[in-house]
2 protein chains.
Amino acid sequence: MSHQIPATPTHRALPKGMAPACWPGLLERYRAFLPLEANSPIVTLHEGNTPLVASERIHRRLGSNIRLHFKLEGANPTGSFKDRGMTMAVSKAVEMGSQALICASTGNTSAAMAAYAARAGVRCFMLVPHGYVAMGKLAQGLHYGAQVISVEGNFDQALSIVRELSVSYPVTLVNSVNPFRIEGQKTGAFEVVDQLGEAPDFLAIPVGNAGNMTAYWRGFQNYRAAGLANKTPAMLGYQAAGAAPLVLGHTVPNPETIATAIRIGNPASGPFALEARDASGGEIAAVTDEEILHAYDMLAREEGLFCEPASAAGLAGLLTRARVRPFPEGSTIVCILTGNGLKDPQTAIGRVPESVKPVPAEVSAIGRMLAL
Amino acid sequence: MSHQIPATPTHRALPKGMAPACWPGLLERYRAFLPLEANSPIVTLHEGNTPLVASERIHRRLGSNIRLHFKLEGANPTGSFKDRGMTMAVSKAVEMGSQALICASTGNTSAAMAAYAARAGVRCFMLVPHGYVAMGKLAQGLHYGAQVISVEGNFDQALSIVRELSVSYPVTLVNSVNPFRIEGQKTGAFEVVDQLGEAPDFLAIPVGNAGNMTAYWRGFQNYRAAGLANKTPAMLGYQAAGAAPLVLGHTVPNPETIATAIRIGNPASGPFALEARDASGGEIAAVTDEEILHAYDMLAREEGLFCEPASAAGLAGLLTRARVRPFPEGSTIVCILTGNGLKDPQTAIGRVPESVKPVPAEVSAIGRMLAL
């Protein structure tokens, strides 16, 4: 197909109702709902305001006349939803005069901590179990300038040390026990309502440490209490089958799943997520790694969306649920894609065929391939 | 430092002038300036609307009272500015009835093509030189469902084949010779003006194939012609020293630089970028890989921004220029960070120290480390 060079159309008035894109970051936008004083410092990378993309194809698998939307949290500055909680936690740390942050994490949390610490001009420390973590996993946090402390011990010991350190030393803990994290994360629910014009009927979300499910539920409740939404959604949380303590009813000592971002056996916010489930008339269920990878591929192939494997747990759960219990006709469903697919290139690479047969550099031979 | 659990403040009115975040994608937003008919199909992942983040620290290195902003194009759905051109090119391909797309690319272009092809429900093909490209580089495009055709030949031959194929076969070429790409990309300039309230004095941008510099210049001109900006910026383009044909004045047969996204020896839009330079009173200059990596680190450590190495060429150029010719006091400068740092994890990993000494799991020992 040939192209004509397009002429630039003459100026017509810009569509009404589309204000210039002056997003100030989520703390400024949702200040009225957050624990901020008028003079609180704001540490922001203009996180939030992430796209809510309507499903083109997958919605048909969930029932008749379903409105399905995906919230692309991987579009946040460090590539995951963790930025929402971190802008809040780091802003409050700076407000309290903190000069250093600390966490025990090897993934999205440490990357977000390190980015906001750099932005704030404070130091930060990542505690990791020695020998257990590949340097590659730490690269993003290190690049932002975090200092790694490699501890002779396991992850639980590292977490217990950072908790103790934050009590005795002038360093702020930003692991999920920091209550400001959930306050920031609840803004995801505000955005969903603002973007849809109303709360959805169902909200599907991956569950690892259970903080995000807790946060969305709080956000929907805040908005309804303020009269900005008329309802709250049923909260549907999905854990990986190998790391499903909230489904099993007990902690999992050695959680295993390809969805590393939700590979957690003892979720800090577990009780709150169970409360959200019950109060909202939702569910917390398990999906297998196979179902997660199937949803991960489907999102890319059928919708053009590349998320990290853990993010696909929400869709995997929706597909599983719809097979046994179709969603009511006309339902609106929002599925949170928590992190960017580029966070975990290894999983994408691993699913690629190892070699591709070369073909001769001839137009006609290659042309015939296009028709296959 | 200990935390108090924050109470959710009671609802106060939302700040004025902050419309709900209903960004429809850049084609709808800037329809008046784009070659679209009223009934043109729109293939969108809600690209654009990327953050414009004010510098906290680096601005001081450029002169007195400088307003420096970074445009985070890595927040686009596939992680680079290429999405702007691809939403336009793929929408037009669908409008013309195309059922297949093709390009010769191993990087950001093929990833964007594949995502929008998946979104549109059309097939797409990536032609790559056999044996020259690591499968890892292709993973993102393959994950979206692109078909790879590995050609016995070099990159130039692959490009020549896709050009011929698009003439003789029912397949749309979306390499940079597709004129709709630049039309979509010019919306980056519109957003900069909308976000700042006026065009900046200087626009710094990496130059590889030179399409993006061409596009931004066209966008600024469109906005001034429409009365939406009172001026246009001086366009400052920066090439990598090992791939600087527009600086040298001749093509570079074997371009070499760590900034792979601008490793191009014969830029398709070269003449237009030179025109933008001259008409705007700007420059196109070269920066070394060392300067690029220095800027790449500085962005992460001093601003909390993680971009791919090529994206740092713009800041490297600004820093170099300021050393010999400071920017006028009070200047407003916008620096385009073209791609997400997660696109090139190898460079970040390569700059990380190989090993970290383990420490005993003792609070007091680790506490002493925090003070160092």
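What you see is a predicted model; the values in this text were computed from it and never measured.

Peer 1: Honestly, the overall build of chain A in this entry has me stumped. Any pointers?
Peer 2: The helix and strand tally for chain A stands at 14 helices and eleven strands. In terms of C-alpha radius of gyration, chain A reaches 22 Å, essentially the compact-globule figure of 21 Å for 372 residues. The principal-axis extents of the C-alpha atoms in chain A amount to approximately 70 × 50 × 50 Å. Across the 372 residues in chain A, those meeting the buried criterion constitute 61%. Residue pairs at least 24 apart in sequence account for 70% of intrachain contacts in chain A once pairs closer than 6 positions are excluded. When the accessible area of chain A is evaluated, it comes to approximately 13,600 Å², of which 51% is carbon and sulfur surface. Positive and negative charge centroids in chain A, built from 31 and 30 side chains respectively, lie 5 Å apart.

Peer 1: Mind showing me how you'd approach the relation of the copies chain B and chain A here?
Peer 2: Both copies of the chain are placed relative to one another by a rotation about an axis and a shift along it. You can overlay chain B on chain A at an RMSD of 0.0 Å; the transform is a turn of 180 degrees with a shift of 0.0 Å along its axis. Here the symmetry operator amounts to a two-fold rotation axis. Closest approach to the rotation axis within chain B is made by the C-alpha atom of A75(B), at a distance of 2.4 Å. Counting the interface residues of chain B, we find that 99% of their copies in chain A are interface residues as well, pointing to one common contact surface.

Peer 1: Sorry if this is basic, but what is going on with the packing of helix α2 (residues 82-95) of chain A against helix α3 (residues 108-120) of chain A here?
Peer 2: Each packed pair of helices is defined by two parameters, the angle between the axes and the distance between the axes. Residue and element names in this part refer to chain A. Look at α2 against α3: their axes get within 9 Å of each other, and the N-to-C directions meet at 45 degrees. Judged on the interaxial angle alone, α3 and α2 are oblique. Crossing handedness for the pair α2 and α3: right-handed. Taken together, the residues of α3 that come into contact with α2 (itself represented by K82, D83, M86, T87, V90 and V94) are N108, T109, A112, M113, Y116 and A120. When its residues are assigned to classes, the contact of α2 with α3 shows seven nonpolar, three polar and two charged.

Peer 1: What should I look at first to understand the sheet that holds strand β4 (residues 123-129) of chain A in this one?
Peer 2: Adjacent strands of a sheet form backbone hydrogen bonds with each other and so pair up, either parallel or antiparallel. Taken in spatial order, the five strands make up an open sheet running β6(A)-β3(A)-β4(A)-β5(A)-β11(B), and their pairing is parallel. Lying at the two open borders of the sheet, with one neighbouring strand each, are β6 (172-173) of chain A together with β11 (358-360) of chain B. Bridge count between β4(A) and strand β5 (residues 147-152) of chain A: five bridges; the pairing is parallel. Along β5(A), the bridge assignment pairs P129(A) with V151(A).

Peer 1: It is not clear to me how unusual backbone geometry should be interpreted in this structure. Could you clarify?
Peer 2: A negative phi angle is the norm for most residues apart from glycine, just as the trans form is the norm for most peptide bonds. Unlike most non-glycine residues, A210(A) shows phi in positive territory, near 75 degrees. The class of A210(A) is buried, set by a relative accessible area of 3%. Within the chain, N49(B) stands out as a residue other than glycine whose phi angle is a positive 60 degrees. Assessed through its relative accessible area of 14%, N49(B) is described here as buried.

Peer 1: I tried to follow the interface of chain B and chain A on my own but got confused; where do I start?
Peer 2: Often, the extent of an interface is quoted as the loss of accessible area upon association of its parts. Of the residues lining the interface, 121 residues belong to chain B; the matching set on chain A comes to 120 residues. Interface area for chain B against chain A, summed over the two sides, is near 10,200 Å², with a carbon-plus-sulfur share of 65%. At the junction of chain B with chain A, the criterion picks out two salt bridges. One salt bridge in this structure joins E303(B) and R119(A), with 3.0 Å as the shortest N-O distance. Our count for the chain B to chain A interface comes out at 18 residue pairs in polar contact (both at pLDDT 80 or more). A per-element tally of the side of chain B that touches chain A places helix α14 (residues 363-370) of chain B first, with seven residues. Looking at the side of chain B that touches chain A, its residues break down into 71 nonpolar, 28 polar and 22 charged. Relative to β11(B), β5(A) is paired through three bridges, and the arrangement is parallel. Residue pairing in the sheet places V151(A) in a bridge with V359(B) of β11(B).

How each quantity is defined
- Residues numbered from 1 in each chain as written.
- Chains lettered and ligands numbered in written order.
- Predicted model: local features only at pLDDT ≥ 70, side-chain atom pairs only at ≥ 80, totals over all residues.
- Heavy atoms only, no water.
- Helix = DSSP H or I, 4+ residues; strand = E, 2+ residues; numbered from the N terminus.
- Rg over C-alpha atoms; globule rule 2.2 N^0.38 Å.
- Buried < 20%, exposed > 50% of the residue type's maximum accessible area, 1.4 Å probe, protein only.
- Contact = heavy atoms within 4.5 Å.
- Areas by Shrake-Rupley, 256 points an atom, 1.4 Å probe, with all protein chains shown as cover.
- Lys, Arg positive; Asp, Glu negative; His and termini not counted.
- Charge placed at Lys NZ, Arg CZ, Asp CG, Glu CD.
- Least-squares fit on C-alpha atoms with pLDDT ≥ 70 in both.
- Axes fitted to C-alpha atoms, helices over the stretch in contact; angles between N-to-C directions.
- Parallel < 35°, antiparallel > 145°, perpendicular 65-115°, else oblique.
- Left-handed = near helix turned anticlockwise from the far one by under 90°.
- Nonpolar A, V, L, I, M, F, W, Y, C, P; charged D, E, K, R; others polar.
- Pairing = 2+ DSSP bridges.
- Buried area = accessible area lost by both parts, 1.4 Å probe.
- Salt bridge = Lys/Arg side-chain N within 4 Å of Asp/Glu carboxyl O.
- Polar contact = N/O pair within 3.5 Å; in protein donor to acceptor, adjacent residues only side chain to side chain.

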